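What follows is the residue order along each chain.
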Amino acid sequence: MAPMKSVKSMKAGVAKAMSKGALAKALADEHGLKQKACSEVLNSIVDIATKEVKKNGIFTIHGVCRIKTRTKPATKAGVRNIFGKEVKVAAKPAKTVVKAYPAAALKSQI
């Protein structure tokens, strides 16, 4: 068998995500606005998205993604057979999970 690659070499090809400030600057440069105004617009989008997801459970940024909530059911405590071993599992309450799904337009671009 071939030796496994080191973790450093695997992480070397991963690019960093664009920061909020960099996004605001790119929007400001493209549309001739001030960076602070673009930053405020991004903050208002975040506020609107959180309100809508809390209220309706769904929010769409058209052409980019759809944000949905999903309720995971509660799990009972007990003993489960995991990979042939008996494992004690603690009970967990039901919880709401937020997920984001890419839009079809974004999928076709990539």
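Being a predicted model, the structure only gives us computed values, none of them experimental.

Visitor: An account of the overall build of the protein chain is needed here, citing residue identities and associated values.
Guide: Broken down by element type, the protein chain carries 4 helices and 5 strands. Starting at the N terminus, the α and β elements of the protein chain follow one another as α-α-α-β-β-β-β-β-α. The buried share of the protein chain, taken over its 110 residues, is 11%. Counted over contacts in the protein chain with a minimum sequence separation of 6, partners at least 24 positions apart contribute 34%. Total accessible area computed for the protein chain in this model is approximately 9,800 Å², and 61% of it derives from carbon and sulfur atoms.

Visitor: Now, about the pairing of strand β1 (residues 58-61): what can you tell me, with residues and values included?
Guide: Along any regular strand, the residues point their side chains to alternate faces of the sheet. Alignment of β1 against strand β2 (residues 65-72), held across 4 bridges, turns out to be antiparallel. By the bridge assignment, Ile58 is partnered in β2 with Lys68. Connecting β1 to the next strand, β2, in antiparallel fashion are 3 residues, including Gly63 with a positive phi near 85°.

Visitor: Could you give an account of the packing of aromatic side chains, with specific residues and numbers?
Guide: Under the defined criterion, the tally for this structure stands at 0 aromatic pairs. A cation over a ring is seen here: Lys68 above Tyr101, with NZ or CZ 5.3 Å from the ring centre.

Visitor: How would you sum up the packing of helix α2 (residues 20-31) against helix α3 (residues 35-56)? Please name residues and give values.
Guide: Put simply, α2 and α3 touch, their axes get as near as 8 Å, and they point 120° apart. What the angle tells us is that α2 and α3 run oblique. At the point where α2 passes α3, the crossing takes the right-handed sense. Residues Lys20, Gly21, Leu23, Ala24, Lys25, Leu27 and Ala28 of α2 lie in contact with α3, whose contacting residues are Gln35, Cys38, Ser39, Leu42 and Asn43.

Visitor: Hey, could you go over the sheet that holds β1 for me, with residue numbers and the actual values?
Guide: The 3 strands lie next to each other as β1-β2-β5, forming an open sheet whose pairing is antiparallel. The open sheet has two free edges, formed respectively by β1 and β5 (95-102), since each of these has just one partner strand. The average angle at which neighbouring strand axes cross in this sheet is 20°, direction not considered. Inspection of the sheet shows β2 paired to β5 by 8 bridges, in the antiparallel sense. Paired with Arg70 across the two strands is Val97, which belongs to β5. On the sheet, α3 packs against β1 and β2 and is oriented at approximately 145° with respect to β1.

Visitor: I'd love a proper account of the environment of Asn43, names of residues and values included.
Guide: Following the sequence through the fold, Asn43 ends up in helix α3. With relative accessibility at 33%, the residue Asn43 sits in the partly exposed group. Taking the C-alpha atoms as reference points, Asn43 and Lys20, separated by 23 residues in sequence, lie 9.6 Å from one another. At 2.5 Å, the side chain of Asn43 forms a polar contact with the side chain of Lys20.

Conventions used here
Residues numbered from 1 in each chain as written. Predicted model: local features only at pLDDT ≥ 70, side-chain atom pairs only at ≥ 80, totals over all residues. Heavy atoms only, no water. Helix = DSSP H or I, 4+ residues; strand = E, 2+ residues; numbered from the N terminus. Buried < 20%, exposed > 50% of the residue type's maximum accessible area, 1.4 Å probe, protein only. Contact = heavy atoms within 4.5 Å. Areas by Shrake-Rupley, 256 points an atom, 1.4 Å probe, with all protein chains shown as cover. Pairing = 2+ DSSP bridges. Phe/Tyr/Trp six-rings, centres within 6.5 Å; stacked < 30°, edge-to-face > 60°. Lys NZ or Arg CZ within 6 Å of the ring centre and 35° of its normal. Axes fitted to C-alpha atoms, helices over the stretch in contact; angles between N-to-C directions. Parallel < 35°, antiparallel > 145°, perpendicular 65-115°, else oblique. Left-handed = near helix turned anticlockwise from the far one by under 90°. Polar contact = N/O pair within 3.5 Å; in protein donor to acceptor, adjacent residues only side chain to side chain.

That is the geometry; function is a separate question.
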